[in-house]
Amino acid sequence: METQLIANTYQFLLNGEWRESASCKTIENLSPSDRKPVGAIQAMTEREANLAVIGAKAAQKDWANFSFSERAELLYAWADQLLEMKEELAETIMKEVGKGYSSAEKEVVRTADFIKYTAEEGKRIHGELINGGSFNAGSANKLAMVQREPLGVVLAISPFNYPVNLSASKIAPALIAGNAVVFKPATQGAISGTLMIKALDKAGLPSGLVNLVTGKGSEVGDYLTTHPSIDLINFTGGTETGEYISKKASMIPVILELGGKDPALVLNDADLEKAAKDIVAGGFSYSGQRCTAIKRVLVTDEVAEALVAKLKTEIEALKVGMPEDDAAVTPLINEKAADFVQHLVDDAVGKGATPLTAIKREGNLVFPVLLDNVTTDMAIAWEEPFGPVLPIIRVENIEEAVTIANESKYGLQASVFTKNTEEAIRISNKLEVGSVQINGKTERGPDHFPFIGVKGSGLGVQGIRKSIESVTREKVTVLNMS
Ligand code: G3H
């Protein structure tokens, strides 16, 4: 089966067939770095999106009857196909979303590892037996068998920034648990997503088990999220869209991985050298276009000067340029994203923040910015730039840092840098976030750790085991013994 009908025009997968849309419309994706076309995806109609859901619903019935090991075989084969296509996928990710080549390659390898681990973990999912006698005397003859069963059809909506990894991390747990999937990738990233599905198809995907829907979210998104045959929505993207989806998805469970404003809290006794390296790696990899990027530094006055000097040195050493040159800081996904970062920087500087690096922009390429003396009246103290800018907020003491950290509408992760582990745990207990990294940068991986966003950062828990559990429900069968 072939995904490409003509060069660089990609088809969608519907019930085992690669097809073009009856809309006769395609959407051309340009590379964020040179604005050259990467390829075009189909702008599907609501009717086609409906067929994708109906087909997935039908395919799920058979798939749920397969054993865990049989389902795992498909995932192993998928992982192998992805690795075989590693260069093609990495090249496509690089061009389509402007990610440095080696990061793009790592994304593919990480995804294959993720899928293999999911296959293994799925085989270990089991239920429990509960004896009724432990509650009251009248129930001693009851035995509850609690099993996990699939939810049905999972709608997986992935973002642009990890077009392969954050798609597979929704699809693989759903499949191992016996669900079918309707996969709607972000438009920018949909070509990478399509190639990933091509790998799954080559691996022996049963017809209809994963159907691919491409097109503008504004055209097919609402239709899918309110479709009566969708049983769970797993979305990664902006907080505003996540909130909108959760309102629309009335009575349907949702897993939402949304924005963040992850703070790094740096205490007086921190190893500043290590803190600076980790903060810069956490803040600037893929140009800060990660929900888990470090997006503000809260540092006590006592060590602020020393830390800021080290951050500046690290930032100045970052490679800025094109993804093809494997730069760390590359052009942002689009003009609008670069405009937003520029607006935040201009606002902060206008209100008295001190830029410690040159403020420079070439098209979508925003050069890394270190902003000192940021105060809480500046938008950059609260907004998520999703770009290469690091605000420094100097604080009198760590209590003030915790207060500012918690005043955010987001609650994804936080880093605490200190040599005093007990103090780090005390601070961790006060931080309103899903995860706290002690002496390390904020990040989602390793992928079997639970990954949680609180407040505006999300709903539900991911991380391989948790992701599998999230796409199942418990079913209780009670045996009443005579
Ligand atoms: O953008 C959101 C991603 O889940 C972040 O993943 O921490 O591995 O870069 P990462």
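Residues numbered from 1 in each chain as written. Predicted model: local features only at pLDDT ≥ 70, side-chain atom pairs only at ≥ 80, totals over all residues. Heavy atoms only, no water.

An unreviewed UniProt entry lists the protein under the name Nonphosphorylating glyceraldehyde-3-phosphate dehydrogenase, with Scopulibacillus darangshiensis given as the organism. Comment text from UniProt for the protein, heading Sequence similarities (unreviewed entry), reads "Belongs to the aldehyde dehydrogenase family." (UniProt positions renumbered as here; feature names shortened; annotations may be inferred.)

A.B. asks: Break down the overall build of the protein for me, citing the residues and quoting the values.
C.D. replies: Across its full length, the protein holds 14 helices and 26 strands. Its C-alpha atoms give the protein a radius of gyration of 24 Å, near enough to 23 Å, the size a compact globule of 482 residues would have. Each of the three principal axes of the protein carries a C-alpha extent, and together these read 70 × 70 × 35 Å. Sorting the 482 residues of the protein into buried and exposed places 55% on the buried side. For the protein, the share of sequence-separated contacts (at least 6 apart) that also reach a separation of at least 24 residues comes to 71%. Of the roughly 19,300 Å² of accessible surface on the protein, a fraction of 52% belongs to carbon and sulfur atoms. (Helix = DSSP H or I, 4+ residues; strand = E, 2+ residues; numbered from the N terminus. Rg over C-alpha atoms; globule rule 2.2 N^0.38 Å. Buried < 20%, exposed > 50% of the residue type's maximum accessible area, 1.4 Å probe, protein only. Contact = heavy atoms within 4.5 Å. Areas by Shrake-Rupley, 256 points an atom, 1.4 Å probe, with all protein chains shown as cover.)

A.B. asks: How would you summarise the site of the ligand if you had to cite specific residues and measurements?
C.D. replies: The environment of the ligand is made up of Arg 110, Asn 161, Tyr 162, Leu 166, Glu 257, Arg 290, Cys 291, Thr 292, Glu 443 and Arg 444. Between the ligand and Arg 110 there is a distance of 2.8 Å, counted from an oxygen atom to a side-chain nitrogen or oxygen. One of the side-chain nitrogen or oxygen atoms of Glu 257 is found 2.4 Å away from an oxygen atom of the ligand. Across the complex, the protein chains shield 97% of the 310 Å² of accessible surface that the ligand would expose by itself. Partitioning the shell around the ligand into residue classes produces 3 nonpolar, 2 polar and 5 charged. (Near = heavy atom within 4 Å. Polar contact = N/O pair within 3.5 Å; in protein donor to acceptor, adjacent residues only side chain to side chain. Nonpolar A, V, L, I, M, F, W, Y, C, P; charged D, E, K, R; others polar.)

A.B. asks: Let's hear about the packing of aromatic side chains: which residues, and what values?
C.D. replies: Two measures describe an aromatic ring pair: the distance that separates the ring centres and the angle between the ring planes. Summed over all chains, the structure comprises 2 aromatic pairs. Where Trp 63 meets Phe 66, the ring centres are 5.3 Å apart and the plane angle is 35 degrees; that geometry is what we call tilted. Look at Trp 63 and you get buried, because its relative accessible area is 3%. Here the basic side chain of Lys 99 rests over the ring of Tyr 162, its NZ or CZ set 3.9 Å away from the ring centre. Here the guanidinium or amino end of Lys 360 rests over the ring plane of Phe 367, the centre of that ring lying 4.3 Å away. (Phe/Tyr/Trp six-rings, centres within 6.5 Å; stacked < 30°, edge-to-face > 60°. Lys NZ or Arg CZ within 6 Å of the ring centre and 35° of its normal.)

A.B. asks: So what's going on with the UniProt feature "active site" (unreviewed entry) in the protein? Residues and values would help.
C.D. replies: Those places that UniProt annotates as "active site" (unreviewed entry) correspond, in this numbering, to Glu 257. Within the secondary structure, Glu 257 sits in strand S11 (residues 254-257). Residue class for Glu 257 comes out buried when judged on its relative accessible area of 3%. Apart from residues lying up to four places away in sequence, Glu 257 is in contact with Leu 166, Phe 235, Thr 236, Gly 237, Cys 291, Arg 444, Phe 451, Ser 457 and Gln 462.

A.B. asks: Just give me the short version of the sheet that holds strand S14 (residues 354-355), but keep the residues and values in it.
C.D. replies: The 7 strands are arranged S14-S17-S18-S13-S12-S20-S21 in an open sheet whose pairing can be described as mixed. Of all the strands in the sheet, the pair left with one neighbour each is S14 and strand S21 (435-438). The pairing of strand S20 (residues 413-417) with S21 spans 4 bridges and is classified as parallel. Following the sheet pairing, Ala 414 is matched in S21 by Val 436. Sheet contacts for helix H9 (residues 272-284): strand S12 (262-266), strand S13 (294-300), strand S17 (369-372), strand S18 (389-395) and S20; angle to S13, the most-contacted strand, approximately 155 degrees. Against the sheet, helix H13 (residues 421-430) touches S12, S20 and S21, its axis set at about 160 degrees to S21. (Pairing = 2+ DSSP bridges. Axes fitted to C-alpha atoms, helices over the stretch in contact; angles between N-to-C directions.)

A.B. asks: Account for helix H6 (residues 190-202), naming residues and giving values.
C.D. replies: In an α-helix there are 3.6 residues to a turn, and that puts residues three or four apart on one side. In a regular helix each residue adds 1.5 Å, so 13 residues correspond to 18 Å; H6 covers 18 Å between its end C-alpha atoms and thus fits that length. Most of H6 sits inside the fold, with 12 of its 13 residues counted as buried. Gly 204 lies just past H6 and shows a positive phi near 105 degrees. (Expected span 1.5 Å × (residues − 1).)

A.B. asks: Residues and numbers for a negative patch on the surface, please.
C.D. replies: Together, Asp 34, Glu 324, Asp 325 and Asp 326 make up a negatively charged patch on the protein surface. One can find Asp 325 in the loop between helix H10 (301-316) and helix H11 (335-350). Judged by its relative accessible area of 42%, Asp 325 is partly exposed. (Patch = residues over 30% accessible without salt bridge, like charges linked within 9 Å, V, L, I, M, F, W, Y side chains within 5 Å. Salt bridge = Lys/Arg side-chain N within 4 Å of Asp/Glu carboxyl O. Lys, Arg positive; Asp, Glu negative; His and termini not counted. Charge placed at Lys NZ, Arg CZ, Asp CG, Glu CD.)

A.B. asks: Any details on the pattern of salt bridges? Residues and values, ideally.
C.D. replies: Using the criterion set out here, one finds 26 salt bridges in the structure. Ionic pairing is found between Arg 148 and Glu 474, a salt bridge with its closest N-O pair at 3.7 Å. Taken together, the residues Arg 148 in strand S6 (residues 142-150) and Glu 474 in strand S26 (residues 472-480) connect sequence positions 326 residues apart. Assessed through its relative accessible area of 28%, Arg 148 is described here as partly exposed. Lys 277 is paired through a salt bridge with Glu 314; the nearest N and O atoms lie 3.0 Å apart. With Lys 277 in helix H9 and Glu 314 in helix H10, the pair connects residues that are 37 residues apart, well separated along the chain. For Lys 277, a relative accessible area of 44% translates into the label partly exposed. Residues joined by salt bridges that share partners form a network here, namely Glu 120, Glu 121, Lys 123, Arg 124, Arg 465 and Glu 469.

A.B. asks: Residue-level account of helix H8 (residues 239-248), with values.
C.D. replies: Turning to H8, its buried residues are Thr 239, Gly 242 and Ile 245. Projection of H8 onto a plane perpendicular to its axis shows the buried side chains occupying an angular sector of 120 degrees, all on one side. Along H8, exposed side chains directed more than 90 degrees from the buried face belong to Glu 240 and Lys 247. Against the buried residues of H8 lie strand S7 (153-158), helix H7 (217-225), strand S10 (232-236), S11 and strand S19 (410-411). (Arc of directions from axis to C-beta.)

A.B. asks: Pulling in residues and values, what's your account of the pairing of S18?
C.D. replies: The element S18 is largely enclosed, with a buried count of 6 among its 7 residues. Bridging between S13 and S18 involves 4 bridges; their strand directions are parallel. Within S18, the position partnered with Val 299 by the bridge is Arg 394. Bridge count between S17 and S18: 3 bridges; the pairing is parallel. Counterpart to Val 369 in the pairing with S18 is Val 389.

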